[in-house]
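Understanding the architecture of this molecule
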Amino acid sequence: MKAQASYYVILFKSVSYALKAEKILKAEKLPHKLIPVPKQISSDCGVCLRFEPAFQDDIKAALTSKVEIEEIRRLIH
Amino acid sequence: MSEIKIVNATGLACPQPVVLAKQAIEASEHVRVIVDNDTALENVKRMGTKLGCDVKTEKKNDGTFEIDLKRKAGAIVSKDDFDPSCSTTTLSGPFVIVCSEDKMGRGNDELGAVLIRAFMHTIAGQAEKPDVMIFYNTGVKLALQESEVLDDLKELAAEGVEMLVCGTCLNYFEVKDRLGVGVVSNMYDIVGTMSKAGRLINP
C-alpha cells in the first residue's frame, strides 16, 4: 500500500504553519497526510505534510500566499 | 584446529539447543549451530557472548538460523558459569501499545494531537510492529471512523496487530457505532493483556 508510490512533502518553518496549512487543505478537500519529517531530510522532531504528485499543483495553489512554505521535496523510497 | 563442528538443533525444545551448543563449544574452537526458532537463536547467541565467543548469525531461506560461535583467542570456556535456562527475556510476552488518550504526551492538547499522528505513522512504517494495541478513555477516539490515524491503524491491523478497544469507553462517549478498526473489548482482556506484556508502551 505504501512505499511503491512516490510522494512529495511540504516542509514548514514551524509546526503551527504545518497545522495552518493542513486546515486549508482539509477545507479544500485535498488529500494529504501529516507525517514526521523523514529522517533523511532532518533529524529534528518536526512534522510535514505528505501528498501524492497528482495533487501538487492544486496544493501549491491552495497554500500560496496563505502559509509560508519552507520547501517542497520529493521523497525517494 | 580450523574444523567447524556442526550442531543441528532444529526441532529441539529449549534448553536442548543451548546445552548442545555449549557442549560443542567446550570441545571445539569453532561451532556452527543450526536452530529453527527465535528463542533458541537468542539463547544460543547469549550463551556464546557470555562464554567469550565471536558470534555471527545468518538467517537461511528455509527459516532456520545458523549461528557461528568462534572462541576468541585466549578465551577460557569454563564449564559451569552458564545457566542454560529457558530464559526468554527478549520474548517474554507480547509487545503492547496502550493508548489511554487520543494524544501523545501531556501539556498541550493541540501539540499532543499532532504527535500521536506522527507516532502512529511511524509505528505503522517500522519493522517491529506491536502484537497488541489497547485503546481506552479518550484513546478510543483514535479507532473511530473519522480518526486521523485510522489508515495507519488499519494498516497495522491488516498486518496482524490485535486492537482492543474499551467498550465502556465507546459507550461513555456514545460512539460505538462509529468504530472503524479493532474489536470492542472489556476490562478482563485489557488487564489480562497488559499483565502478560513483555513490553508495554504508552505514547
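Before reading further, recall that the structure is shown in the block above.
Read on for a plain summary of the structure. (Residues numbered from 1 in each chain as written. Chains lettered and ligands numbered in written order. Predicted model: local features only at pLDDT ≥ 70, side-chain atom pairs only at ≥ 80, totals over all residues. Heavy atoms only, no water.)

**Examining the overall build of chain B**
- From N to C terminus, chain B includes six helices and nine strands.
- Considering chain B as a whole, with its 203 residues, one finds that 40% of them fall into the buried category.
- Sequence-distant contacts, at least 24 apart, represent 71% of the contacts inside chain B between residues at least 6 apart.
- Total accessible area computed for chain B in this model is approximately 10900 Å², and 49% of it derives from carbon and sulfur atoms. (Helix = DSSP H or I, 4+ residues; strand = E, 2+ residues; numbered from the N terminus. Buried < 20%, exposed > 50% of the residue type's maximum accessible area, 1.4 Å probe, protein only. Contact = heavy atoms within 4.5 Å. Areas by Shrake-Rupley, 256 points an atom, 1.4 Å probe, with all protein chains shown as cover.)

**Description of the pattern of salt bridges**
All names here are of chain B.
- The final tally for this structure, using the stated rule, is 17 salt bridges over all chains.
- Asp 102 is the salt-bridge partner of Lys 103, the closest N and O atoms lying 2.7 Å from each other.
- Overall, Asp 102 belongs to the buried group, its relative accessible area being 17%.
- Residue Glu 146 is joined to Arg 178 by a salt bridge in which the shortest nitrogen-to-oxygen separation is 2.6 Å. One end of the pair, Glu 146, is in the loop between strand 6 (132–135) and helix 4 (150–158); the other, Arg 178, is in the loop between helix 5 (167–172) and strand 8 (183–185), with 32 residues separating them in the sequence.
- Its relative accessible area of 46% is what places Glu 146 among the partly exposed residues.
- It is possible to trace a salt-bridge network through shared partners that takes in Arg 32, Glu 58, Lys 60, Glu 66 and Asp 68. (Salt bridge = Lys/Arg side-chain N within 4 Å of Asp/Glu carboxyl O.)

**As for unusual backbone geometry**
- With a phi close to 65 degrees, Ser 65 of chain A is a non-glycine residue in the positive phi region.
- Along the chain, Ser 65 of chain A falls in the loop between helix 2 (56–63) and strand 4 (71–75).
- Even without being glycine, Asn 137 of chain B reaches a positive phi, approximately 50 degrees.
- Within the fold, Asn 137 of chain B resides in the loop between strand 6 and helix 4.
- Relative accessible area serves as the criterion here: at 44%, Asn 137 of chain B is assigned to the partly exposed category.

**Considering the sheet that holds strand 3 (residues 47–51) of chain A**
All names here are of chain A.
- What the four strands build is an open sheet, ordered 2-3-1-4; its pairing is antiparallel. Each edge of the open sheet carries a strand with a single partner, namely strand 2 (33–36) and strand 4. For this sheet, the mean inter-axis angle between neighbouring strands, taken without regard to orientation, is 35 degrees.
- Sheet topology note: the strand 1 (residues 7–11)/strand 4 ladder contains five bridges and is antiparallel. Bridge pairing in strand 4 links Leu 11 to Glu 71.
- Sheet contacts for helix 1 (residues 15–27): strand 2 and strand 3; angle to strand 3, the most-contacted strand, approximately 30 degrees.
- Running over the sheet, helix 2 touches strand 1, strand 3 and strand 4 and is turned about 15 degrees from strand 1. (Pairing = 2+ DSSP bridges. Axes fitted to C-alpha atoms, helices over the stretch in contact; angles between N-to-C directions.)

**A few points about the interface of chain B and chain A**
- Residue-level contacts link 11 residues of chain B with 13 residues of chain A.
- Carbon and sulfur atoms make up 60% of the area that chain B and chain A hide from each other, which totals about 1100 Å².
- Of all residues in chain B, Val 114, Arg 117 and His 121 of chain B give up the largest surface area on contact with chain A, accounting jointly for 47% of the area buried on that side.
- At the junction of chain B with chain A, the criterion picks out three salt bridges.
- Put simply, Glu 22 of chain A and Arg 117 of chain B hold a salt bridge, and the shortest N to O gap is 2.3 Å.
- Our count for the chain B to chain A interface comes out at four residue pairs in polar contact (both at pLDDT 80 or more).
- Within the residue set of the side of chain B that touches chain A, elements represented by two or more residues are helix 3 (109–125) and helix 4 of chain B.
- The leading source of residues in the side of chain B that touches chain A is helix 3 of chain B, at eight residues.
- Residues of the side of chain B that touches chain A, tallied by class, amount to three nonpolar, three polar and five charged. (Buried area = accessible area lost by both parts, 1.4 Å probe. Polar contact = N/O pair within 3.5 Å; in protein donor to acceptor, adjacent residues only side chain to side chain. Nonpolar A, V, L, I, M, F, W, Y, C, P; charged D, E, K, R; others polar.)

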